[in-house]
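Listed below, chain by chain, are the residues.
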Amino acid sequence: MTDRAFAVVRSGALTTVQDQGRPGYAHLGVPRSGALDPAAARLANRLVDNSAEAAVLETTLAGCAVRPRCAVTVAVVGAPCPVTVDGRPVAWGVPVRVPAGALLDVGAAVSGVRCYVAFGGGVAVDPVLASRSTDLLSGLGPPPLADGAVIPLGHATAPHARVDTVPHMAPPRELILGVTYGPRADWFTEAALRTLTTRAYRVSSASNRIGLRTEGPSLERACPDELPSEGMVLGAVQVPPDGRPVVFLADHPTTGGYPVIAVVREADLAGAAQAVPGTPVRFVPAGHR
Amino acid sequence: MRVLPVGARALLVELADGDAAQALHAELLRRRAAGLIRVREIVPAARTVLLDGLDDPRRVGAELANLEIPPLSAREEDVREIPVRYDGPDLADVAAHWGVPVAEVARIHSGTEFRVAFCGFAPGFGYLTGLPGRYEVPRRATPRTSVPAGSVALAGPYTGVYPRSSPGGWQLIGTTDAVLWDHARVPASLLAPGLRVRFVPLAGVPGAEAR
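Parameters and conventions
- Residues numbered from 1 in each chain as written.
- Chains lettered and ligands numbered in written order.
- Predicted model: local features only at pLDDT ≥ 70, side-chain atom pairs only at ≥ 80, totals over all residues.
- Heavy atoms only, no water.
- Pairing = 2+ DSSP bridges.
- Helix = DSSP H or I, 4+ residues; strand = E, 2+ residues; numbered from the N terminus.
- Phe/Tyr/Trp six-rings, centres within 6.5 Å; stacked < 30°, edge-to-face > 60°.
- Buried < 20%, exposed > 50% of the residue type's maximum accessible area, 1.4 Å probe, protein only.
- Domains from an automatic or database assignment.
- Buried area = accessible area lost by both parts, 1.4 Å probe.
- Salt bridge = Lys/Arg side-chain N within 4 Å of Asp/Glu carboxyl O.
- Polar contact = N/O pair within 3.5 Å; in protein donor to acceptor, adjacent residues only side chain to side chain.
- Nonpolar A, V, L, I, M, F, W, Y, C, P; charged D, E, K, R; others polar.
- Contact = heavy atoms within 4.5 Å.
- Arc of directions from axis to C-beta.
- Axes fitted to C-alpha atoms, helices over the stretch in contact; angles between N-to-C directions.

1. Some remarks on the pairing of strand S14 (residues 211–215) of chain A
Two faces make up the sheet, and in a regular strand the side chains alternate between them. Residue and element names in this part refer to chain A. Where strand S13 (residues 201–203) meets S14, two bridges bridge the pair, whose relative direction is antiparallel. For Arg202, the partnering residue across the bridge sits in S14 and is Glu215. One ladder, built from three bridges, connects S14 with strand S17 (residues 246–248); its direction is antiparallel. Bridge pairing in S17 links Gly211 to Phe248.

2. Looking at the packing of aromatic side chains
Centre-to-centre distance and the angle between the planes together describe a pair of aromatic rings. According to the stated counting rule, one finds 13 aromatic pairs over all chains in the structure shown. When the centroid spacing of 4.7 Å and the interplanar angle of 10 degrees are considered together, the rings of Phe6(A) and Phe119(A) count as stacked. Residue Phe6(A) is found in strand S1 (residues 5–10), and its partner Phe119(A) is found in strand S10 (residues 115–119); the two are separated by 113 residues along the sequence. Taking 5.5 Å as the distance between ring centres and 75 degrees as the angle between the ring planes, the aromatic pair formed by Phe125(B) and Tyr162(B) counts as edge-to-face. Remark: Tyr162(B) occurs in the loop between strand S10 (158–161) and strand S11 (166–168) and Phe125(B) occurs in the loop between strand S6 (114–119) and strand S7 (126–129); sequence separation between them is 37 residues. We note that Phe125(B), like Tyr162(B), is buried. By way of ring pairs, the aromatic residues Phe118(B), Phe121(B), Phe125(B), Tyr127(B), Tyr158(B), Tyr162(B) and Trp170(B) are connected into one cluster.

3. Comments concerning the domain arrangement of chain A
All names here are of chain A. Split by domain assignment, chain A resolves into domain 1 (5–152) and domain 2 (175–285). Computed over C-alpha atoms, the centres of domain 1 and domain 2 are 28 Å apart. In this assembly, domain 1 packs against domain 2 so that about 1,500 Å² is buried in total across both faces, 57% of it on carbon and sulfur atoms. Joining domain 1 to domain 2, the criterion identifies one salt bridge. For Glu58, the salt bridge goes to Arg209, with nearest N and O atoms at 2.9 Å. For the interface between domain 1 and domain 2, the tally reads 11 residue pairs in polar contact (both at pLDDT 80 or more). Of the residues belonging to the side of domain 1 that touches domain 2, the class tally is 11 nonpolar, eight polar and five charged.

4. Observations regarding the interface of chain A and chain B
In this complex, chain A contributes 29 residues to the contact, which on the side of chain B involves 37 residues. Buried area between chain A and chain B, both sides added, is near 2,600 Å², and the carbon and sulfur share of it is 59%. For the salt bridge of Arg184(A) with Glu14(B), the shortest nitrogen-to-oxygen distance reads 3.0 Å. On inspection of chain A and its partner chain B, the count reaches seven residue pairs in polar contact (both at pLDDT 80 or more).

5. Structural notes on the environment of Trp92(A)
Summarising the element assignment, Trp92(A) is placed in the loop between strand S7 (88–90) and strand S8 (96–98). Between the C-alpha atoms of Trp92(A) and Val128(A), which are 36 residues apart in sequence, the distance is 31 Å.

6. Things to note about helix H1 (residues 38–47) of chain A
Residue and element names in this part refer to chain A. Within the sequence span of H1, burial applies to Ala40, Ala41, Ala44, Asn45 and Leu47. The arc that holds every buried residue of H1, seen down its axis, measures 160 degrees, which confines them to one face. If you follow the buried residues of H1, they end up packed against strand S3 (56–58), strand S5 (72–78) and S10. One or two positions beyond H1, positive phi appears at Asp49, with a value near 65 degrees.

7. A closer look at the pattern of salt bridges
All names here are of chain A. Per the stated rule, a full pass over the model turns up 27 salt bridges over all chains. The salt bridge involving Arg265 is made with Asp268; its shortest N-O contact spans 2.9 Å. Residue Arg265 is classed as partly exposed on the basis of its relative accessible area of 45%. You can call Asp268 buried: its relative accessible area is 13%.

8. A short note on unusual backbone geometry
Following Gly182(A), the chain continues to Pro183(A) via a peptide bond in cis, the omega torsion being 10 degrees. Along the chain, the position of Pro183(A) falls in the loop between strand S12 (175–181) and helix H2 (190–198). Residue Pro187(B) is reached from Val186(B) by a cis peptide bond, and omega for that bond is 0 degrees. Looking at the element boundaries, Pro187(B) is found in the loop between strand S12 (171–175) and strand S13 (196–201). Not every positive phi belongs to a glycine, and Ser33(A) is a case in point at roughly 55 degrees. A residue is classified by how much of its surface remains accessible, and Ser33(A), at 2% relative accessible area, is buried.

9. Considerations on the domain arrangement of chain B
Residue and element names in this part refer to chain B. Split by domain assignment, chain B resolves into domain 1 (2–65) and domain 2 (79–201). Inter-centroid distance (C-alpha atoms) of domain 1 to domain 2 is 27 Å. On the side of domain 2, seven residues touch domain 1, which itself brings five residues to the contact. Taken together, both faces of the contact between domain 1 and domain 2 bury some 510 Å²; the carbon and sulfur share is 54%. Taken as a group, Gln22, Pro44 and Ala46 account for 70% of the area that domain 1 buries against domain 2, more than any other trio of residues on that side. Here domain 1 and domain 2 share zero salt bridges between them. Connecting domain 1 to domain 2 are two residue pairs in polar contact (both at pLDDT 80 or more). Split into classes, the residues belonging to the side of domain 1 that touches domain 2 amount to three nonpolar, two polar and no charged.

10. Some thoughts on helix H2 (residues 57–65) of chain B
All names here are of chain B. Buried within H2 we find Pro57, Val60, Gly61 and Leu64. Looking straight down H2, one finds that the buried residues subtend no more than 105 degrees of arc, so they occupy a single side. Against the buried residues of H2 lie strand S1 (2–6), strand S2 (10–14), helix H1 (18–33) and strand S4 (48–52).

11. Thoughts on the sheet that holds S3(A)
All names here are of chain A. Spatially, the five strands line up as an open sheet ordered S2-S3-S10-S5-S8, and their pairing is antiparallel. Pairing within the sheet leaves two strands with one partner each, and these edge strands are strand S2 (16–18) and S8. Between one strand axis and the next, the sheet turns by 35 degrees as a mean value, whatever way the strands run. Bridge analysis of S3 against S10 gives two bridges, and the strand direction is antiparallel.

Next comes the structure, spelled out in structure tokens:
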């Protein structure tokens, strides 16, 4: 093992490696995967002079702590959180030089859910189908971080003296998801279509990288038939038998057998990635094209 | 054919049946290879084809409505052969559903030419069609918590092979040593939608000699 690596000291609640994912393989049953908040992952990479495709860590609520074996520039963005190096507070959202052997601790999210930790040179686990992303549905890519694991880093390709800071949009107190109805809106009652876009939902604690689950009024089906499996897209609002809409996120299955009542605008999904359980959710018609 | 918008960048094309979906899928692959359509994902399923990652779904939808779809031809691709031992724990149940002696299951199954209608459930899991409608079987009333990798199984109109150990409710009729999924291999998946498949019984098992 070379010195270009870090040891995992505290893996947190769920910390995974993520990049831009594996688009293009859905026909083989391979989920797209990738960072749930892609803009934050790109920003973290920019701060450490990585290319936008470099792999980063995605933490969940509780953060993580790692000990690099080499001096490395890191940046933490996404959900705001305290960041320390050997116990001393350092800035969130700016490049930070971490000495070899020092402990980088990414604390629990103050708001939001997922922090993105970029390392100069990128996380360099072996790619699978051209991506280093952990896919929690199908098990492709590296497993989630475990305490004691040693994770390889790539070589930084550019000097990282550039100082940069980032404006941060705090995770909203209310998650507003623009939707277009369909493809299976006709499988629901008129009342259900109204309910979806007029009533209040909340983010369920059962949410994960596969889907944002909701609590709220049940959506009634007009068609009781069983839907033959069909292809699913990112942002699909699928309605399982309990009637509570589920918004498909990056690790969603490529096909599914429950009807999709509407699809969330892709630009709104980063907000879904950062909405803590209990956050109010409103589905808003995004207008027809 | 019904073309349903799916968000801002995708279309779901619904066909009358699975054969029509497979024919459209084959035609879409031809058109993509010829540079006539730009699309990130073409995902066939039971009786639909999803096109995801379109720049202009409205224009593509209009084109689809006027598309001449040639029927599936049997000569286009090679046949992928998968060696099978017909030794599954549900052989007797399947034979009972089919109303045939147990040894006949292997003969009928290995005498059928299948086609990968679509993939899903897990990377490399193909839903294979080809068995006549009278050989449909229900899923097991109680799914198994663990089905071994390489299990050859039936459910509804489909045959499938489990790429890896997983929970499953399909009826298990055999096992194969073929590696369905290996991400270090190119291509990673042994099966892909549109591929023709034949199961070849390994010698020395009941049913093999009956051919």
